[in-house]
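Residue-level listing of the chains:
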Amino acid sequence: MTPRLAALSLAVVVASGCASAPSEPELPAFDAAAALAAIEQAGAAATEELVVRPLGNPQVQDLRADADNLRRQGQAAEAAQRLDQALAISPADPALLQERAEVALLLGDLDLAERLARQAAGLGAGVGPLCRRHWETVAQVAQARAPARIDPATGAAVVAATVTDARSARDACTVTPPPRY
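First things first, this report covers the structure right here in the doc. Just so you know, these numbers come straight off a predicted model, no measurement behind them.

Calculation criteria
- Residues numbered from 1 in each chain as written.
- Predicted model: local features only at pLDDT ≥ 70, side-chain atom pairs only at ≥ 80, totals over all residues.
- Heavy atoms only, no water.
- Core = buried A, V, L, I, M, F, W, Y, C linked by side-chain atoms within 4.5 Å.
- Buried < 20%, exposed > 50% of the residue type's maximum accessible area, 1.4 Å probe, protein only.
- Helix = DSSP H or I, 4+ residues; strand = E, 2+ residues; numbered from the N terminus.
- Contact = heavy atoms within 4.5 Å.
- Salt bridge = Lys/Arg side-chain N within 4 Å of Asp/Glu carboxyl O.
- Disulfide = S-S within 2.5 Å.

As for the nonpolar core
For step 1, the next point in the chain: Leu96, Val103 and Leu105 are the most contacted members of the largest nonpolar core, which totals 29 residues.
For step 2, the next point in the chain: For this core, the elements supplying multiple residues, two or more each, are α2 (32-42), α3 (58-72), α4 (76-89), α5 (94-106), α6 (110-123) and α7 (129-145).
For step 3, the next point in the chain: Beyond its immediate sequence surroundings of up to four residues, Leu96 is in contact with Val60, Arg64, Leu83, Ala86, Leu87 and Ser90.

Considering the side chain of Arg64
For step 1, the next point in the chain: Positionally, Arg64 belongs in helix α3.
For step 2, the next point in the chain: Each residue touching Arg64, except ones within four places of it in the same chain, is listed here: Leu83, Asp93, Ala95, Leu96 and Glu99.

Observations concerning the pattern of salt bridges
For step 1, the next point in the chain: Scanning the model with the defined rule gives 12 salt bridges in all.
For step 2, the next point in the chain: A salt bridge links Asp84 to Arg100; the nearest nitrogen and oxygen atoms lie 2.8 Å apart. Taken together, the positions of Asp84 in helix α4 and Arg100 in helix α5 put the pair 16 residues apart, joining distant regions of the chain.
For step 3, the next point in the chain: Since its relative accessible area comes to 9%, Arg100 is described here as buried.
For step 4, the next point in the chain: In this structure, Asp111 engages Arg145 in a salt bridge whose closest nitrogen and oxygen atoms are separated by 2.1 Å. Of this pair, Asp111 sits in helix α6 while Arg145 is found in helix α7, placing the two residues 34 residues apart along the sequence.
For step 5, the next point in the chain: Overall, the relative accessible area of 55% leaves Asp111 in the exposed class.

Remarks on the state of the cysteines
For step 1, the next point in the chain: Per the counting criterion, the structure on display carries one disulfide.
For step 2, the next point in the chain: The disulfide bridge from Cys131 ends at Cys173, spanning 1.9 Å between sulfur atoms. Because the torsion about its S-S bond is -45°, the bridge between Cys131 and Cys173 counts as left-handed. Of this pair, Cys131 sits in helix α7 while Cys173 sits in the segment after α8 (157-171), and the two are 42 residues apart along the sequence. Residue Cys131 shares its accessibility class with Cys173, and that shared class is buried.

This is the structure we're talking about:
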């Protein structure tokens, strides 16, 4: 066999191996902007709904405003720093924890986003728009992790149940105020 024929044979073998190997379908990347839009939509106040809004610390409010401006300018890391400063002052503020969870989503830190949203849900009033934002954040994280969390024994039902449970908790946050007589 000539060297030229051997090289051609090797090229054909390599090319046929590449062509016949099935490729794994690419999973869509996590879309933080779409997740945040879903969270904001879930947190929209409904008419005739009970909403609990505690008073806030003015220094924390300033840091939150700075963080919001930075986030809108696409500077999520800087926004996270401002929110971390605010959390050092007021670590049990559910709204502040939720805002930090949302910035964590922008930064791609799904573990932190879920942890903060669950912590906020545990500290919050359990009703209203903020409550729905907590649980929609958990649902968005679960949905983003769906491909990585498929259990071979049970299949997609485990993932679907996590998302469904979070969305059920989100829906339970809507409470109408008591009737006035």
